[in-house]
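Residue-level listing of the chains:
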Amino acid sequence: MKSSMLFASLSVAVLGVGSAQAATLSFTIQNKITTSAITNSYLNTCSTVIPGLGSVPANSTSVTHQVDCGNNSALAFRYTSGTKTCAFNLSTIWTPPNPILGTSGYWTPNGTATSQGSTTATCKATLTGIGSSGSYTWSVSMQ
């Protein structure tokens, strides 16, 4: 009987923890190539990117884009110019609190940038801002 009460108490404690707020990923795309535009050639995301990804003129920066998928936001996308391609992956993941271990919940941002074209590109993903509740701002660039 005591083990049933303990299990019921832990179950209520876990349910009472509550959920994290939604995490918005915001990002800009910098085209550091001075001679040509870069164009989006692939997108995989958990929700709609607002505004949608488009081409970025030579030597300029896009408008700020956002994606929000709740507790776990992630997207993978590529930009291409000629034989250069950069693959970008951005995410923010919520790890809930663990009442049994007594740990708090926390957000983990992650961003990577990888050259994938037949001509090597310089690709970067830089965390530029940390907001509340897992909202992060990134700047990605291609050269």
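Structure first, text after, so check above.
What counts and how
Residues numbered from 1 in each chain as written. Predicted model: local features only at pLDDT ≥ 70, side-chain atom pairs only at ≥ 80, totals over all residues. Heavy atoms only, no water. Helix = DSSP H or I, 4+ residues; strand = E, 2+ residues; numbered from the N terminus. Buried < 20%, exposed > 50% of the residue type's maximum accessible area, 1.4 Å probe, protein only. Contact = heavy atoms within 4.5 Å. Pairing = 2+ DSSP bridges. Disulfide = S-S within 2.5 Å.

Q: Hey, could you run me through unusual backbone geometry in this one?
A: The omega angle of the peptide bond from Ile 50 to Pro 51 is -20 degrees, so this bond is cis rather than trans. Secondary-structure assignment places Pro 51 in the loop between β2 (39-45) and β3 (60-61). The backbone of Asn 59 sits at a positive phi, close to 55 degrees, despite the residue not being glycine. When you line up the elements, Asn 59 lands in the loop between β2 and β3. Given a relative accessible area of 55%, Asn 59 falls into the exposed group.

Q: I would appreciate a short explanation of the environment of Ile 38 in the present structure.
A: Here Ile 38 is to be found in the loop between β1 (24-31) and β2. We classify Ile 38 as buried; its relative accessible area is 0%. A C-alpha to C-alpha distance of 9.8 Å links Ile 38 and Asn 59, two positions 21 residues apart in sequence. Leaving out residues up to four positions away in the same chain, Ile 38 has contacts with Ile 29, Gln 30, Asn 31, Ile 33, Gly 54, Ser 55, Val 56, Tyr 79, Thr 80, Ser 81 and Met 142.

Q: Help me understand the pairing of strand β8 (residues 123-130) in this model?
A: The two faces of the sheet receive side chains in turn, since in a regular strand these alternate between them. Where β8 and strand β9 (residues 136-142) come together, seven bridges link them in antiparallel fashion. Bridge pairing links Ile 130 to Tyr 136 in β9.

Q: Which parts of the structure should I look at to understand the state of the cysteines?
A: A covalent bond between the sulfur atoms of two cysteines is referred to as a disulfide. Considering all chains together, one arrives at two disulfides under this definition. Paired by a disulfide, Cys 46 and Cys 69 hold their sulfur atoms 1.6 Å apart. The chirality of the disulfide connecting Cys 46 with Cys 69 is right-handed, given an S-S dihedral of about 85 degrees. Here Cys 46 is found in the loop between β2 and β3, whereas its partner Cys 69 is found in the loop between β4 (65-68) and β5 (72-81), with 23 residues between them in sequence.

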